[in-house]
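Observations on chain architecture
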Amino acid sequence: MIIKEYIHKMVSEIYSNSITLNDIKDRIIFEFCDDIALRKSELQNSNVTSDDRKIDGSMVIPLPFNGFYYILINQNLKNDINILETIAHELSHLEDYYIFSQKYCSGDYSLITSNERWLPFYFYSEYKAKKSGYNALYNALYSKPHNENIKAYEIMLDEIYENRYNDLIKNFEIAVKRIGNNENVLSNLYDIFRYLGIFESWTNLSVGKIKAYEAICKVLNVEFISLIDLSNNMNSDIVDLILLKKQIYQVLNVSLE
Ligand SMILES: [Zn+2]
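Presented here is an overview of the structure given in this document.

Conventions used here
Residues numbered from 1 in each chain as written. Predicted model: local features only at pLDDT ≥ 70, side-chain atom pairs only at ≥ 80, totals over all residues. Helix = DSSP H or I, 4+ residues; strand = E, 2+ residues; numbered from the N terminus. Buried ≥ 20, exposed ≤ 12 C-beta atoms within 10 Å, placed from the backbone. Contact = placed C-beta atoms within 7 Å. Core = buried A, V, L, I, M, F, W, Y, C linked by C-beta atoms within 7 Å. Domains from an automatic or database assignment. Axes fitted to C-alpha atoms, helices over the stretch in contact; angles between N-to-C directions. Parallel < 35°, antiparallel > 145°, perpendicular 65-115°, else oblique. Left-handed = near helix turned anticlockwise from the far one by under 90°. Nonpolar A, V, L, I, M, F, W, Y, C, P; charged D, E, K, R; others polar. Pairing = 2+ DSSP bridges.

Looking at the element boundaries, Ile192 is found in helix α7 (residues 185-203). A count of 24 C-beta atoms within 10 Å places Ile192 in the buried class. Linking Ile192 and Val176, residues 16 residues apart in sequence, is a C-alpha distance of 7.6 Å. In this view, Ile192 contacts Phe172, Ala175 and Val176; residues no more than four positions away in its chain are not counted.

In structure tokens form, the structure reads like this:
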């Protein structure tokens, strides 16, 4: 299967599993670009750009006069199987932000970041997007074993074991320590939720030697196991975000204000 077919299949599956995305799918535009931050600022009519040209993707919520939802994807991913992760990740954010704006901001996207539920929502959405992105990538790779995707699957396993696994555990521990020292608490917390999303997606891999969850539990102390449990129990429709915020404070034993 060529990458385009993987994308098509994955996106139709995501739409059919999400009432929200299915409702707005005719207004979702996928666009490749060189400089995502620049394109995003054009679409949002703002001057805010980022120096980070390496961003893989971003979703852009519609302007009042536009009405289209954009999924911007880095040009470099065009022939890369990891594009599946990026697309699923951004669609997951789009779903969350859409639901959040309808539920708490009367559909006005500009009010999202000033809502009191914003912070836990921001963490929750990143955790969920990471998990959804990786799950979608793995599902696609698993879907029909033939030579091409077995190769991709082997590359993925190598990546997990030889590069990403140890690095992620190390980075996770560093982020935890920094939070303990009150260093850049918000950005470290954001990273932690991203790592938790990836760890969680690994636990869904039912390959004999992958025991990511057990390994993670061994290196983390009990408070952080609670954090994993906390993330696993999140659900955008039923989660009490104020309570979640309190729980995050409690589990990390830090003040975010
Ligand atoms: Zn994200």
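Okay, back to it.
In this section: the nonpolar core. Of all hydrophobic cores here, the largest spans 41 residues; its most connected members are Met10, Ile71, Leu84, Ile87, Ala140 and Ile192. Those elements that provide at least two residues to this core are α1 (3-17), β2 (57-60), β3 (69-74), α4 (83-104), α5 (118-143), α6 (147-180) and α7. Ranked by the residues each element gives to this core, the list is headed by α5, at nine residues. Split by domain, this core shows at least three residues from each of two domains, domain 1 (3-115) and domain 2 (121-252).

When two helices pack together, their arrangement is given by the angle between the helix axes and the distance between those axes. Across the interface, α1 lies against α4 with an axial gap of 10 Å and an inter-helix angle of 25°. As the angle between them shows, α1 and α4 are arranged roughly parallel. In the crossing of α1 with α4, the sense of the turn from one axis to the other is right-handed. Along the contact surface, α1 presents Ile3, Tyr6, Ile7, Met10, Val11 and Ile14, while α4 presents Ile83, Leu84, Ile87, Ala88 and Leu91. Tallied by class, residues from the contact of α1 with α4 come to 11 nonpolar, no polar and no charged.

It is worth spelling out the sheet that holds β3 at this point. What the three strands build is an open sheet, ordered β1-β3-β2; its pairing is mixed. Edge strands, defined here as strands with exactly one partner in the open sheet, are β1 (28-33) and β2. Pairwise comparison of adjacent strand axes, ignoring direction, gives a mean angle of 20° for this sheet. Bridge analysis of β1 against β3 gives six bridges, and the strand direction is parallel.

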